[in-house]
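Inside the fold
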Amino acid sequence: MADAFGDAPDPEVHKERQMLRHMERVATLIKTDLLDADVLLDYAPEFILLNWVTLEPLVREHRREAGTELLWENFEFIATKARKWSEAKKALAVGQTET
């Protein structure tokens, strides 16, 4: 685990870092209104959630080792939005089938 958190982990060994960095960048663009969250969430909420659920234990370990909850905070931000988006869509779909 320490290798994955170091300054320059081997990208061939720690491929999960590529996804963490990618999701962090995309989420940062959304938080700063440079990318429309609705577009991404309409297209890929399950992709975001799957990656968050898979990588959350590693995120927690990185945060513990770094001593800060700010690490990968934007990825968590977009994962939270994706979860709420999915729940709202499911609730809407259930409401439509009941009428």
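Residues numbered from 1 in each chain as written. Predicted model: local features only at pLDDT ≥ 70, side-chain atom pairs only at ≥ 80, totals over all residues. Heavy atoms only, no water.

Our focus in this paragraph is helix 4 (residues 45–66). Largest kink in helix 4: about 50 degrees, centred on Leu55, with the proline Pro57 one to four residues after it. Among all positions of helix 4, only Pro45, Ile48, Leu49, Asn51, Trp52, Leu55, Leu58, Val59, His62 and Arg63 are buried. One or two positions beyond helix 4, positive phi appears at Gly67, with a value near 75 degrees. (Bend = angle between axes of the 7 residues up to and from the residue. Helix = DSSP H or I, 4+ residues; strand = E, 2+ residues; numbered from the N terminus. Buried < 20%, exposed > 50% of the residue type's maximum accessible area, 1.4 Å probe, protein only.)

A cluster of acidic residues, Asp33, Asp36, Asp38 and Asp42, forms a negative patch at the surface. Among the structural elements, Asp33 can be located in the loop between helix 2 (16–31) and helix 3 (37–43). (Patch = residues over 30% accessible without salt bridge, like charges linked within 9 Å, V, L, I, M, F, W, Y side chains within 5 Å. Areas by Shrake-Rupley, 256 points an atom, 1.4 Å probe, with all protein chains shown as cover. Salt bridge = Lys/Arg side-chain N within 4 Å of Asp/Glu carboxyl O. Lys, Arg positive; Asp, Glu negative; His and termini not counted. Charge placed at Lys NZ, Arg CZ, Asp CG, Glu CD.)

Attention now moves to the packing of helix 2 against helix 4. The interhelical angle for the contact between helix 2 and helix 4, taken along N-to-C directions, is 110 degrees, at an axis separation of 10 Å. If you check the angle between helix 2 and helix 4, you find them roughly perpendicular. Mapping the contact onto sequence places Glu16, Arg17, Met19, Leu20 and Met23 in helix 2 and Phe47, Ile48, Asn51, Leu55, Leu58, Val59 and His62 in helix 4. (Axes fitted to C-alpha atoms, helices over the stretch in contact; angles between N-to-C directions. Parallel < 35°, antiparallel > 145°, perpendicular 65-115°, else oblique. Contact = heavy atoms within 4.5 Å.)

As a further point, take the confidence of the model for the protein. Low-pLDDT stretches of the model should not have their predicted coordinates read in fine detail. For the protein, the average pLDDT comes to 89, and 89% of its residues sit at 70 or higher. Within the protein, the lowest mean pLDDT, 52, falls on helix 1 (residues 2–5), and the highest, 96, falls on helix 4. (pLDDT = per-residue confidence, 0-100.)

Attention now goes to the environment of Val26. When you line up the elements, Val26 lands in helix 2. On the basis of relative accessible area, Val26 is assigned to the buried category, the value being 15%. Taking the C-alpha atoms as reference points, Val26 and Ala37, separated by 11 residues in sequence, lie 9.6 Å from one another. Leave out the neighbours within four places in its chain, and Val26 touches Leu35 and Leu40.

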